[in-house]
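Single-letter residue listing:
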Amino acid sequence: MDFELSPEQREIQMLTREFAQAEIEPHAAEWDREHRFPRDLYAKLAELGLMGACLPEEYGGAGADFLSYILVLEELSRADAGVGVTVAVHTSAVTLPILTFGNDEQRSRFVPPLARGEHLGAFALTEAEAGSDAGALRTRADPTGRGWRITGSKQWITNGTYAGTFLLFARTDGQTPGARGVSAFVLDGEHVRVTRDEEKLGLNSSVTNDIVVEGVEVGRDRLLHEEGKGFRVAMATLDGGRIGIAAQAVGITQAAYDVAREYAKERRAFGRPIADFQAIQHKLANMSMELDAARLLVYRAAWLKQQGRPHTEEGAKAKLFASEMARRQTAEAIQILGGYGYTKEFPVERYYRDAKITEIYEGTSEIQRLVIARAVLGLKQPVLAQG
Ligand SMILES: Cc1cc2nc3c(=O)[nH]c(=O)nc-3n(C[C@H](O)[C@H](O)[C@H](O)COP(=O)(O)OP(=O)(O)OC[C@H]3O[C@@H](n4cnc5c(N)ncnc54)[C@H](O)[C@@H]3O)c2cc1C
């Protein structure tokens, strides 16, 4: 067992950290306040290879391993969780599944513009009446002879406004609800119309959109994997994607911990730094311990994935623990800062708002518990749950 990162992993971690400290963190409060999507930032991340960190070089990626990519997400999210989710969805939920499930033609056509950051990717599964129960989706892909005509609406699609490539799920079996008969399609930005920009509790530097696809005709070259096997694509995608969300939770909490620890050393009450009080010391000890535990779970899941080993249970544990830890410990960071923690003078209230979403997207905590319980009981994994 080796707990050391490799020199290459350290290098990409440091590269991202330094970039994030210089180019992201100083602007994060403003982007949050003004709900600004930092469009230009992604060209800079692309120049560093970070829009395709774990994609092979032959497809325009940086050729790093999956754990390196997880370190990138952690560092980006430490500076701004909205940037973290934008890159996470782009990479784990769009580029990687096209690489994994695409045929040669699809890989060489769709992956390089994504891996080089020329296009942003969006993953379109959720609908108004199909969230955790993703098998209830109603978007239709009706056969035309040469391909399909796709019609439907999707909800809360990260990157929707700016995406050049959508991985979109639709029924190819008429209207029978359930996982069977769902197929995965690769669409272009022009195939999709954005109908809404969602207002959220946090993650204000990311965009979350409702979209519609209005009778768009596509050929067979747009079908990813086999007809009727789209649910397998979606579930495999979320299996890996949730490790990225767990890394996001760790990054946010690290940022909160850093602020809380420094504040505790500076702030004085009753004639001494509040870090002298045992109550504050215990909070910092718990934060540090839970951060370590979450990080170890995340790195284990990432390592298993990069070895090509099963990681469904381990990824679910990482996401469940890291996201609940992030919600708990960002609240503790506010508590350590007292009234200042509740104000916009310090970033911890933003960390708290941003942390909450990690318990919801890419499978809620309830769904993660379902996945873990099924694994430990030796039951077949649910095929219908988004998680
Ligand atoms: C900011 C943001 C970004 C998002 N980005 C994307 C994206 O890019 N692409 C995309 O496709 N989707 C995206 N989503 C959607 C997200 O994945 C869903 O919100 C999530 O899967 C939960 O679905 P739901 O909101 O419909 O909740 P529901 O499924 O309606 O769940 C409501 C509650 O019931 C619980 N519940 C449901 N089923 C069960 C069960 N079987 N057992 C126990 N409890 C259960 C849930 O855990 C939850 O507490 C995003 C959402 C948000 C808020």
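Remember, predicted model here, so these are calculated numbers, not experimental data. (Residues numbered from 1 in each chain as written. Predicted model: local features only at pLDDT ≥ 70, side-chain atom pairs only at ≥ 80, totals over all residues.)

Peer 1: Looking at this model, I keep getting lost on helix H2 (residues 25–34). Mind explaining?
Peer 2: In an α-helix, one full turn covers 3.6 residues, which means residues spaced three or four apart are oriented alike. Listed in full, the buried residues belonging to H2 are Ala28, Trp31 and Asp32. Buried residues along H2 cover an arc of 100° about the axis, so they all sit on one side. Of the residues in H2, the exposed ones pointing more than 90 degrees away from the buried face are Pro26, Glu30, Arg33 and Glu34. In this fold, the buried residues of H2 make contact with helix H4 (66–79), helix H5 (81–101) and helix H11 (348–356). (Buried ≥ 20, exposed ≤ 12 C-beta atoms within 10 Å, placed from the backbone. Helix = DSSP H or I, 4+ residues; strand = E, 2+ residues; numbered from the N terminus. Arc of directions from axis to C-beta. Contact = placed C-beta atoms within 7 Å.)

Peer 1: Help me understand the domain arrangement of the protein chain, please; the structure alone is not making it clear to me.
Peer 2: How big an interface is tends to be expressed through the accessible area that disappears when the partners come together. Assigned domains within the protein chain: domain 1 (7–119), domain 2 (122–228) and domain 3 (232–376). On a C-alpha basis, the centres of domain 1 and domain 3 stand 21 Å from each other. Counting from both sides, the interface comprises 22 residues of domain 1 and, opposite them, 23 residues of domain 3. Of the residues assigned to the side of domain 1 that touches domain 3, the class counts are 14 nonpolar, three polar and five charged. (Domains from an automatic or database assignment. Nonpolar A, V, L, I, M, F, W, Y, C, P; charged D, E, K, R; others polar.)

Peer 1: Please clarify how the packing of H5 against helix H7 (residues 230–266) should be interpreted in this entry.
Peer 2: For any two helices packed against each other, the geometry comes down to the angle between their axes and how far apart the axes lie. Relative orientation of the contacting elements H5 and H7 amounts to 155°, with a least axis distance of 9 Å. The pairing of H5 with H7 is recorded here as roughly antiparallel in orientation. Note on packing geometry: the crossing formed by H5 with H7 is right-handed. Only Val233, Thr237, Gly240, Gly241, Gly244, Ile245, Gln248, Gly251 and Ile252 of H7 make contact with H5, whose side of the interface consists of Ala81, Gly84, Val85, Ala88, Ser92, Ala93, Leu96, Pro97 and Phe101. Tallied by class, the residues present in the contact of H5 with H7 amount to ten nonpolar, eight polar and no charged. (Axes fitted to C-alpha atoms, helices over the stretch in contact; angles between N-to-C directions. Parallel < 35°, antiparallel > 145°, perpendicular 65-115°, else oblique. Left-handed = near helix turned anticlockwise from the far one by under 90°.)

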